[in-house]
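Secondary and tertiary structure notes
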Amino acid sequence: MPANMQGQLLPHTYRFKLGAFEVATIMDSFVIRPGLTPSFGGEAHAEEVKALAKANRIDADRYFHPFTPMLVNTGKELVLFDTGNGSLSAEYEQMKGRLPPGNLVERMGLAGYKPEDVDVVVITHGHPDHIGGLVKGGQPVFPNARYVFGATEFDFWNRGENVREARKFNRELYVKIVVPLANRATMIKPGDSVVPGITAVDAFGHSPGMLAFTIESDGKRMINWADTAGHYAVSLQRPDLQLDVDDDKEKALATRKRVFDMVASEGLLVAGFHMMPFPGLGYVERAGSAYRWVPHSYQVNL
Ligand SMILES: [Zn+2]
């Protein structure tokens, strides 16, 4: 008898040492999105984006979009960055078919972490794919955790002023999911530390107050840049193109350039929530007036 076909199998958990810390990236889920263009650059740049996709050997009409939260065990505290999609698509009609169900808790389990083990949940920004796994059926998913939210981000969604049309439901979600957790949260700004070795960096633009985070232990240093780049090829090679899901498009452009420059100059290891290929780790190289994503291969395992 021939062996059975087993279907697609993708890696979704990865762990490595950063100094005295242990870092794990977990792919919560992924979705195949229809069209890098017009999402990146609008109709005006459609042909360029199609050519760029072709040059990178990817399909401009169907692209892989992963959701990858990250855990850092400092030895004293287990810190989770973002929570994936959770049960949003099951609990909210408006989210059905738009975001896949999250698998973070189950996959964390495969890597040896229980939800009760999480001491701190850091939310980089308030978009649905980052806050969706905070609660399930109204109950906190990480029962022992305290929370860290960006003050500017929290303020924006909590006030609900100048929310663009496309983010109106996002605002409702934020009020339902995140605002009730404020009594257990620390509100931070760029430059503040979450725990010793983990420091917030201004990444405003993709959302009004998005934060990136540097993580440093025993002289080893990396950055979790959240959604500074939405796509590993297009965002790096054409950082000048506006992205439809960026809330403040001009600020997002400036932030991309500033963060990419910093990362390239320092040679920092990067983790990005939507970076490819899994485990979503890599480096940034300057390429003319733009950049290139250099996926990590074995460097963190030496
Ligand atoms: Zn995102």
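Residue numbers restart at each chain and count upward from 1, following the sequence in its written direction. Residue-level local features of this predicted model are given only where pLDDT is at least 70; pairs of side-chain atoms are given and counted only at 80 or more, and the full residue set underlies all totals for whole chains, interfaces and linings. Values shown for side chains rest on all heavy atoms present in the structure; no hydrogens or waters enter the calculation.

**So, the pattern of salt bridges**
Salt bridge criterion: a side-chain nitrogen from Lys or Arg within 4 Å of a carboxyl oxygen from Asp or Glu. In this structure the tally under the stated criterion is 18 salt bridges. With its nearest N and O atoms 3.2 Å apart, the salt bridge here joins D261 to R286. Here R286 lies in strand 17 (residues 281-287) and D261 lies in helix 9 (residues 249-266), a separation of 25 residues in the sequence. Where R292 meets E285, a salt bridge forms, and the shortest distance between an N and an O atom there is 3.1 Å. Using a relative accessible area of 38% as the deciding quantity, one classes R292 as partly exposed. Strands are runs of DSSP state E lasting at least 2 residues, helices are runs of H or I lasting at least 4, and numbering of each runs from the N terminus. Residue burial is assigned from relative accessible area. The probe radius is 1.4 Å, only protein chains are included, and a residue is buried under 20% of its type maximum, exposed over 50%, and partly exposed in between.

**Structural notes on the coordination of the zinc ion**
Looking at the zinc ion, the protein donor atoms are D129 (OD), H130 (NE2), D227 (OD) and H274 (NE2), and they sit 2.1 to 2.3 Å from it. The donor set covers N, O and S atoms within 2.8 Å of the metal, switching to 3.2 Å for Na, K and Ca, and it leaves out water, so a site may look short of donors. Think of it this way: with four donors and all angles in the 85 to 135 degree range, the site is tetrahedral; with four or six donors, opposite ones beyond 155 degrees and the rest between 65 and 115, it is square planar or octahedral; otherwise it is irregular. The coordination sphere of the zinc ion comprises four donor atoms, whose angles at the metal cover 90 to 175 degrees; the geometry is irregular. Spacing between the donor residues of the zinc ion along the chain follows D-H-x96-D-x46-H. Taken as a pair, D129 in helix 5 (residues 128-131) and H274 in the loop between strand 16 (269-271) and strand 17 lie far apart in primary sequence, 145 residues in all. In this structure D129 comes out as buried when scored by relative accessible area, which is 9%.

**Concerning helix 7 (residues 168-177)**
For helix 7, the full list of buried residues reads F169, N170, L173, Y174 and I177. Each buried residue of helix 7 sits inside an arc of 145 degrees when the element is viewed along its axis, so together they form one side. Any two residues whose heavy atoms approach within 4.5 Å at even a single point are treated as in contact. On its buried face, helix 7 sits against helix 3 (88-91), helix 5, strand 8 (135-136) and helix 6 (151-159). The arc in question is the one traced by the directions running from the helix axis out to the C-beta atoms.

**Regarding the sheet that holds strand 11 (residues 185-188)**
Two strands make a pair as long as DSSP finds a minimum of two bridges between them. As summarised here, the arrangement of the seven strands in space is 1-2-5-6-7-10-11, forming an open sheet in which the pairing is mixed. Taken across any chain shown, the strands that pair with only one partner, and hence form the sheet edges, are strand 1 (13-18) and strand 11. Pairwise comparison of adjacent strand axes, ignoring direction, gives a mean angle of 20 degrees for this sheet. Here four bridges tie strand 7 (residues 120-123) to strand 10 (residues 146-150), and the two strands are oriented parallel to one another. Within the sheet, the bridge partner assigned to V121 lies in strand 10 and is Y147. With respect to the sheet, helix 6 is in contact with strand 10 and strand 11, its orientation differing from that of strand 10 by roughly 80 degrees. Angles here are taken between N-to-C directions and fall from 0 to 180 degrees, while the axes themselves are lines fitted to C-alpha atoms, restricted in helices to the stretch in contact.

**Remarks on the packing of helix 6 against helix 7**
Orientation of helix 6 relative to helix 7, taken along the N-to-C sense of each, is 110 degrees, at an axis distance of 9 Å. When the axis of helix 6 is compared with that of helix 7, the two are roughly perpendicular. Note on element contacts: helix 7 touches helix 6 through N170, R171, Y174 and V175, opposite E153, F154, W157, N158 and R159. A breakdown of the residues in the contact of helix 6 with helix 7 according to their chemical character gives four nonpolar, two polar and three charged. Note that the term roughly parallel is reserved for angles under 35 degrees, roughly antiparallel for angles over 145, roughly perpendicular for angles of 65 to 115, and oblique for everything else. Residue polarity is assigned by list, with Asp, Glu, Lys and Arg as charged and Ala, Val, Leu, Ile, Met, Phe, Trp, Tyr, Cys and Pro as nonpolar; anything else, Gly included, falls into the polar class.

**Some remarks on the environment of D129**
Along the sequence, D129 and R286 sit 157 residues apart, while their C-alpha atoms lie 29 Å from each other. At a separation of 3.2 Å, a polar atom in the side chain of D129 contacts the side chain of H130. What qualifies as a polar contact is a pair of N or O atoms within 3.5 Å, subject to a donor-acceptor requirement within protein and to the restriction that residues adjacent in sequence count only when both atoms come from side chains.

**Notes on the packing of aromatic side chains**
Two aromatic rings, drawn from Phe, Tyr or Trp (for Trp, its six-membered ring), form a pair once their centres lie within 6.5 Å of each other, and the interplanar angle then sorts them: stacked below 30 degrees, edge-to-face above 60, tilted otherwise. As enumerated under the stated definition, the model contains 14 aromatic pairs in all. Taken together, a centroid distance of 6.5 Å and an interplanar angle of 75 degrees make the contact between F40 and Y63 edge-to-face. Of this pair, F40 sits in the loop between helix 1 (36-39) and helix 2 (46-55) while Y63 sits in strand 4 (residues 63-67), and the two are 23 residues apart along the sequence. When sorted by exposure, F40 lands in the same class as Y63, which is buried. Where W225 meets F260, the ring centres are 5.1 Å apart and the plane angle is 40 degrees; that geometry is what we call tilted. Taken as a pair, W225 in the loop between strand 15 (220-224) and helix 8 (234-237) and F260 in helix 9 lie far apart in primary sequence, 35 residues in all. Take F260: its relative accessible area is 0%, and that puts it in the buried class. A connected cluster of aromatic rings, assembled from ring pairs, spans Y147, F149, F154, F156, W157 and Y174.

**Notes on the pairing of strand 13 (residues 198-202)**
In this sheet, strand 13 lies alongside strand 12 (residues 193-195) in antiparallel orientation, the contact comprising two bridges. Residue pairing in the sheet places V195 in a bridge with I198 of strand 13. In this antiparallel pair of consecutive strands, strand 12 and strand 13, the connection spans two residues, and G197 shows a positive phi of 100 degrees. Bridge count for strand 13 against strand 14 (residues 211-217) is five bridges, and the pairing is antiparallel. When the bridges of strand 14 are listed, V201 appears paired with A212.

**Regarding the sheet that holds strand 16**
Reading across from one edge, 12-13-14-15-16-17-18 is the order of the seven strands in this open sheet, with mixed pairing throughout. The open sheet terminates on both sides in strands that have one partner only, identified here as strand 12 and strand 18 (290-295). Averaged over all neighbouring strand pairs, the angle between strand axes comes to 35 degrees, with direction disregarded. Two elements, strand 16 and strand 17, share two bridges in a ladder whose sense is antiparallel. The residue of strand 17 that forms the bridge with A271 is L281. The strands that helix 9 touches are strand 13, strand 14, strand 15, strand 16, strand 17 and strand 18; relative to strand 17, the one it contacts most, it runs at about 100 degrees.

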